[in-house]
Amino acid sequence: MEVDCPPEDSIVSFDEDCVELGGVKDMRLEAEAVVNDVLFAVAEMHVSQSLNNASDVAYINVETREGNRYCLELTEAGLRVVGYAFDQVDEDLSTQYHETVYSLLDTLSPRYREAFGNALLQRLERLKQNGQ
């Protein structure tokens, strides 16, 4: 179970898939990795080409299988919803940071949860078949 923290208490490590440039994590590359990791379980997901992505922040547009669109912000603090449309950042929106994309999508999309669970079961079944 993932634990979500308010923005000021959030400390996150993306060390497993992180790309570092001179000791600094590049969030643009991290965002691409996030998209590639969960694209199978959402309707659409891509790194924003309109918003100003940088080494310390990247924006990801996602449409859930329910048809809801979100703009996500990825920083060292984690991922959070910053808008309810593609390429939209609402500065007045105060949402929780999530440590992982899985946790964030799990709260936003029951159909993501279902797709993720089904994919996990299929992988386990393949492992079981290969092990016999």
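Above: the structure in question.
Residues numbered from 1 in each chain as written. Predicted model: local features only at pLDDT ≥ 70, side-chain atom pairs only at ≥ 80, totals over all residues. Heavy atoms only, no water.

A.B. asks: Is there a simple way to explain the sheet that holds strand β3 (residues 44–47) in this structure?
C.D. replies: The pairing of strands in a sheet happens through backbone hydrogen bonds and is either parallel or antiparallel. In space, the four strands of this open sheet follow the order β3-β4-β5-β6, with antiparallel pairing throughout. Since the sheet does not close on itself, it has two edges, and those belong to β3 and β6 (78–83), each with one partner. Between one strand and the next, the sheet's axes are offset by a mean angle of 25°, whatever the strand orientation. Contacting β3, β4 (58–63), β5 (69–75) and β6, helix α2 (residues 101–108) runs over the sheet at an angle of about 40° to β6. (Pairing = 2+ DSSP bridges. Helix = DSSP H or I, 4+ residues; strand = E, 2+ residues; numbered from the N terminus. Axes fitted to C-alpha atoms, helices over the stretch in contact; angles between N-to-C directions. Contact = heavy atoms within 4.5 Å.)

A.B. asks: Please explain a nonpolar patch on the surface as it appears in this structure.
C.D. replies: A grouping of Phe40, Tyr102, Phe116, Leu120, Leu121, Leu124 and Leu127 is seen on the molecular surface, where their side chains present a nonpolar patch of about 660 Å² in accessible area. It is helix α3 (residues 110–131) that provides the largest number of residues to the nonpolar patch, a total of five residues. As for its placement among the helices and strands, phenylalanine 40 is situated in the loop between α1 (27–38) and β3. (Patch = residues over 30% accessible without salt bridge, like charges linked within 9 Å, V, L, I, M, F, W, Y side chains within 5 Å. Areas by Shrake-Rupley, 256 points an atom, 1.4 Å probe, with all protein chains shown as cover. Salt bridge = Lys/Arg side-chain N within 4 Å of Asp/Glu carboxyl O.)

A.B. asks: Would you mind showing me how to read the nonpolar core here?
C.D. replies: What tends to happen in soluble globular proteins is that the nonpolar side chains get buried as a cluster. Met45, Ile60, Val62, Leu72, Val101 and Leu105 are the most contacted members of the largest nonpolar core, which totals 24 residues. Elements with a minimum of two residues in this core: α1, β3, β4, β5, β6, α2 and α3. When residues of this core are assigned to their parent elements, the largest contribution, five residues, is made by α1. (Core = buried A, V, L, I, M, F, W, Y, C linked by side-chain atoms within 4.5 Å. Buried < 20%, exposed > 50% of the residue type's maximum accessible area, 1.4 Å probe, protein only.)

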